[in-house]
Amino acid sequence: MNKAQTWEYSPAPESTDHIQLKDRYDLFINGEFVPGVEGRYFDTINPSNEEKIAEVAEAGKADIDKAVSSARKAYDKTWSKMLPKERGKYIFRIARLLQESAREFSVIESMDGGKPIRESRDVDIPLSSAHFFYYAGWADKLEYAFPGRTANPLGVAGQIIPWNFPLLMAAWKLAPALATGNTLVLKPAETTPLTAMKLAEVIQEADLPPGVVNIVNGAGETGKFLVNHGDIDKIAFTGSTEVGKYIMKSVAGSGKKYTLELGGKAANIIFEDAAIDQAVEGIVNAIFFNQGHVCCAGSRLYVQEGVAEEIISKLQKRMESLIVGDPLDKNTDIGAINSKMQLNKIKKYVKLGKDEGGTIYQSSCPLPEKGYWFAPTIFTDVSQSNRIVQEEIFGPVLAIQTFRTVDEVILKANNSPYGLSGGLWTDKGSKIFKVTQDIRAGVIWANTFNKFDPASPFGGYKESGVGSEGGIEGLSGYVNLV
Amino acid sequence: MFLDKLLYAKPIDQIGAQERVTRLFSRSIKKDSKVQALHLALSMIDLTTLEGKDSPGKVKQLCYKASHLHDSFPGLPNVAAICVYPTMVAIAKKALAGTGIKVASVATAFPSGMADMHAKLDEVKSVIDAGADEVDMVISRGKFLRGDYQYVSDEIAQVKDACGETHLKVILETGELVTLDNVRLASDIAMESGADFIKTSTGKVSPAATPPVVLTMLEAIRDFQTKTGKKIGMKPAGGIGQAKQAIQYLVMIKETLGHDWLSPDLFRFGASSLANDVLMQIVKQTTGQYQSKDYFSID
Amino acid sequence: MSKRIDIQKTYKLFIGGKFPRTESGRYIKWTDVKETTVVNICRGSRKDFRNAMVSARGAVSGWSSRTAYNRAQILYRIGEMLEGRKDQFMAELTLQGLSKKQAENEISQSIDRLIYYAGWADKFQQVFSRVNPVSLPYFNFTVPEATGVVAAIAPDDSSLLGLVSIIAPVIAGGNSIVILASESFPLCSITFAEVLHSSDVPDGVVNILTGYRNELIEHFSSHMDVNAIIYCGDNSDDKKLVETNAALNVKHVIHFPNQDWAKNLHQSPYHILKCQETKTTWHPIGV
């Protein structure tokens with residue numbers, strides 16, 4: 001009979017000849033693209049090859065002032081006076097336009113941020129348009145969302161988003177704010193401004209009244225100007241706990257409302273009665289998906305001791321079949337690390353893990369020469385006291401511990417200042433309801449992980465944040481209930 | 001051997017399994033890897049005719065096609081085997097002499113399995129006497145579904161005994177087992193009891209082979225190898241008519257079991273119309289033009 | 001030069017995603033008030049209704065198991081398609097006696113109402129579901145579920161908006177529907193069927209019949225496979241007949257008196273709830 005063959009996948013590049021990208025993007029204020037007052041620009045690069053893609057205008061204090069006053073004027077004169085159902089129709093338009101140009105957005109998202117095209121095509125962009133579609137429908141239905149209360153808009157929102165899901169985070173911010181009748185100024189992350197700029201073009205195509213949405217780019221300084229601006233009614237922030245705390249201090253005493261979606265160090269718990277192969281896949285989805293750049297990543301694994309050997313052995317084999325490489329190759333599972341800074345941070349933690357005595361296993365996949373890359377990594381022989389078990393790494397690095405009883409693992413899962421998410425794997429229904437009741441986190445996945453839907457609320461306990469996004473709960477951060 | 005379900009039963013999460021399938025099927029197989037996959041798929045086909053109206057004429061024509069898939073295109077492999085009813089084995093054997101293509105026969109009151117053990121074993125013996133290289137048996141699904149796993153284990157062991165060196169495939173008829181939990185349990189029982197190959201379906205019941213079922217069976221095979229060191233083969237049958245599906249299953253094998261299983265020794269497709277679709281794809285890859293069925297023989 | 005002859009439109013029924021003529025072969029001659037235009041409308045029979053019911057029942061399991069998001073998108077698309085066909089409806093509404101302004105309003109409101117219910121399709125569950133704090137260690141939750149196949153007698157005095165106001169909440173909730181169009185103003189119903197046909201609505205989810213109320217109301221209300229019956233109108237004999245027949249298989253009975261469908265209070269998530277069952281499930285909490 002025939003000898004077995006080796007069979008490797010040929011390159012399967014996503015075509016990029018249909019996308020339209022400018023060399024330079026200005027600030028999107030009052031419905032138009034305008035240069036910054038001080039005329040400064042910064043580059044945005046492709047982290048998979050370190051090449052510059054475009055340059056983007058940097059917003060200084062004067063630009064923030066312009067953007068906020070444009071949002072305020074649009075709120076006073078146009079948006080707050082419009083019938084809610086007509087506001088909804090604009091948001092529906094944005095959703096549909098995103099669906100039409102979905103592939104272009106996916107390619108640009110992968111180029112700018114490093115995530116695999118398969119993820120941006122199949123997850124990020126569809127979820128983004130779904131988010132707009134879901135919230136569009138709430139615009140004229142708010143009287144049903146809050147029993148016994150009338151929901152009034154707050155006014156002007158300042159919104160700051162991170163680089164791990166650039167377009168999706170923009171959708172999570174814009175959609176509920178607009179649906180509830182607010183106007184806004186959005187500041188994308190400085191390493192991933194491009195899909196927000198394309199979104200600004202979609203907003204122009206949708207004919208949204210000028211000033212309702214303003215998008216300004218910049219780094220920490222720009223963010224501070226926005227947070228501290230006197231005419232903002234509300235700050236919405238997704239990012240690190242450290243910056244979240246800064247924001248809380250900055251707005252103290254000002255009367256500004258805020259919602260914060262911060263860091264996490266989620267516990268992913270595998271019981272011995274779990275469906276094992278699906279649980280192993282769940283571990284991979286929890287920590288290696290999106291290069292581990294996920295605030296709700298399952299970065300602490302707890303495996304019941306009796307199945308630990310089987311799980312870890314299967315996990316190691318599964319890691320070997322993960323393809324790390326060119327984000328624009330359709331077969332890539334794990335893309336580039338978003339920036340040099342983030343790569344250095346991950347390397348620092350991994351070295352720390354080894355120094356602390358953990359046993360490291362990394363997949364043997366070859367990594368490209370240029371660009372920022374990190375192989376999927378797990379640590380065993382670590383415990384609650386290890387810093388790599390306590391601190392958020394934000395990379396494809398998993399810390400693994402064993403446990404013996406359900407009481408023990410609940411205590412350990414909760415033993416953290418974070419409380420964003422968690423996961424558990426078991427075939428027993430009553431255990432699911434008990435454990436989900438006892439874990440102190442805002443989103444708990446049973447027999448799955450990292451699932452998102454516009455209808456499903458997402459938000460953290462403790463230092464993982466305040467407030468929720470998604471579902472009816474996602475509306476409450478943008479309204480005054482009277 | 002006393003078979004206690006508790007010792008063996010492993011829960012399979014249907015949604016999780018389906019998601020793994022979706023992820024595997026998102027692989028994009030192009031260019032050289034596609035051509036290699038198409039050739040490999042061809043070599044793994046068990047060309048099948050299992051109809052009440054089969055006759056010597058039909059079987060002889062099918063056997064000719066098996067070794068002359070598309071003579072105008074050089075470098076094509078033959079299919080792995082022909083699969084027929086017991087009364088056609090001798091005819092197929094004669095028609096395939098010298099080609100290296102195996103003759104597989106169904107047995108044990110295929111497709112229902114509803115006959116007593118003696119009759120089924122007699123049928124197995126007659127098929128082997130007629131020269132079959134491989135035997136495809138069916139399990140007793142009614143016994144399985146009422147929890148009589150010992151019976152199922154025993155019947156497989158007895159058939160394997162009757163097969164001797166002849167290679168045995170055990171058909172689970174996964175469409176009747178319905179849940180992935182059942183598919184996993186049946187797979188484990190079959191392998192423990194002597195199967196050389198585990199096979200999804202008779203092709204007479206819908207649904208036949210579905211991706212989550214195939215994944216579950218491949219994972220069972222993987223665990224069995226970890227436990228015993230033995231490599232058991234796998235055959236999905238029924239409902240696989242397109243080259244694209246075949247390539248997707250090759251991806252599934254590669255990423256679940258590894259390269260050792262990318263061989264007709266350990267993997268077969270039970271199909272009738274698949275071969276021509278694969279051939280059309282091979283020609284398209286070479287010429288760049290989409291093909292028409294008119295140019296590929298139907299036997 | 002000779003004048004171009006128009007191709008006249010044939011008005012057929014809409015059953016199972018197709019446009020068959022009535023199996024009875026009978027027709028109703030409809031004319032406008034001035035009697036300048038004559039149109040033959042199908043006079044639907046009980047067999048047409050029976051066939052529509054078979055389609056509706058065949059379609060409902062697939063329709064109700066789609067994601068709510070998918071149903072929302074399809075309802076939105078019906079709105080898109082209706083927006084694109086405004087002119088055709090303008091012509092039919094004015095022929096049926098509305099002024100140009102009235103016709104414009106009716107069409108705009110119909111579109112907006114479809115968009116309204118599209119926005120409810122993936123939200124009413126959140127508003128009407130509960131987790132119930134029972135006094136035992138059980139996780140107890142209540143969710144609405146589509147009742148199944150809804151038979152409906154559309155408002156007689158509104159050719160388009162009344163029809164849309166009945167259909168949209170029923171299908172947003174995952175049900176399928178067989179609806180008898182207005183007898184006095186039937187033209188828009190079949191043109192609306194054409195809109196549905198181009199909107200990715202699966203075959204059999206919406207079925208539209210034309211015909212005489214007094215012939216069909218008996219069958220609509222007595223069919224044993226109908227889960228809910230909607231009756232629009234003020235005829236007390238008809239209403240009593242519907243309620244009496246509903247008892248045969250304990251159908252839900254929903255009645256809408258004649259009303260101005262243009263008013264906003266005639267769109268509401270509670271209209272969706274009228275064709276929903278309530279399912280409560282218990283599961284222990286414990287290890």
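To start, this report covers the structure provided alongside it. (Residues numbered from 1 in each chain as written. Chains lettered and ligands numbered in written order. Predicted model: local features only at pLDDT ≥ 70, side-chain atom pairs only at ≥ 80, totals over all residues. Heavy atoms only, no water.)

**Describing the nonpolar core**
Turning to step 1, where the next piece is worked out: Judged by nonpolar contacts, the single largest core of 176 residues is most densely connected at F132 of chain A together with I177, F192, I208 and I230 of chain C.
Turning to step 2, where the next piece is worked out: In this structure, I230 of chain C is in contact with V150, A151, A152, I153, I166, V170, I254, F256 and C275 of chain C, ignoring residues within four places of it in sequence.
Turning to step 3, where the next piece is worked out: Residues A92, F144, L180 and W261 of chain B belong to the second largest nonpolar core, which totals 96 residues. (Core = buried A, V, L, I, M, F, W, Y, C linked by side-chain atoms within 4.5 Å. Buried < 20%, exposed > 50% of the residue type's maximum accessible area, 1.4 Å probe, protein only. Contact = heavy atoms within 4.5 Å.)

**Notes on the environment of A267 of chain A**
All names here are of chain A.
Turning to step 1, where the next piece is worked out: Looking at where A267 falls in the secondary structure, it is placed in strand β12 (residues 267-270).
Turning to step 2, where the next piece is worked out: Sequence separation between A267 and T359 is 92 residues; the distance between their C-alpha atoms is 19 Å.
Turning to step 3, where the next piece is worked out: Apart from residues lying up to four places away in sequence, A267 is in contact with R300, Y302, A413, S421, G422 and G423. (Helix = DSSP H or I, 4+ residues; strand = E, 2+ residues; numbered from the N terminus.)

**Examining the pairing of strand β4 (residues 138-146) of chain C**
Residues and elements named next belong to chain C.
Turning to step 1, where the next piece is worked out: Across two bridges, strand β3 (residues 130-131) lies against β4 in antiparallel orientation. For V131, the partnering residue across the bridge sits in β4 and is F141.
Turning to step 2, where the next piece is worked out: Linkage of β3 to β4, two consecutive antiparallel strands, is achieved through a turn of six residues.
Turning to step 3, where the next piece is worked out: Pairing between β4 and strand β10 (residues 276-284): nine bridges, direction antiparallel. Considered in β10, the bridge of A146 is made with Q276. (Pairing = 2+ DSSP bridges.)

**Points about the sheet that holds strand β5 (residues 167-171) of chain B**
All names here are of chain B.
Turning to step 1, where the next piece is worked out: In spatial order, the strands read β7-β6-β5-β4-β3-β2-β1-β8; together these eight strands make up an open sheet with parallel pairing. Here the strands that pair on one side only, and so sit at the sheet edges, are β7 (233-235) and β8 (269-271). This sheet shows a mean twist of 25° between the axes of neighbouring strands, independent of strand direction.
Turning to step 2, where the next piece is worked out: Here strand β2 (residues 81-84) runs beside strand β3 (residues 102-106); their pairing, made up of four bridges, is parallel. Directly across from C83, in β3, lies its bridge partner A104. (Axes fitted to C-alpha atoms, helices over the stretch in contact; angles between N-to-C directions.)

**Considering the interface of chain C and chain A**
Turning to step 1, where the next piece is worked out: Facing the 24 residues of chain C at the interface are 27 residues of chain A.
Turning to step 2, where the next piece is worked out: In terms of surface lost to chain A, no three residues of chain C exceed Y76, K123 and V287 of chain C, which account for 24% of the buried area on that side.
Turning to step 3, where the next piece is worked out: At the junction of chain C with chain A, the criterion picks out three salt bridges.
Turning to step 4, where the next piece is worked out: Between K89 of chain A and D112 of chain C there is a salt bridge, and its shortest N-O distance comes to 2.6 Å. (Buried area = accessible area lost by both parts, 1.4 Å probe. Salt bridge = Lys/Arg side-chain N within 4 Å of Asp/Glu carboxyl O.)

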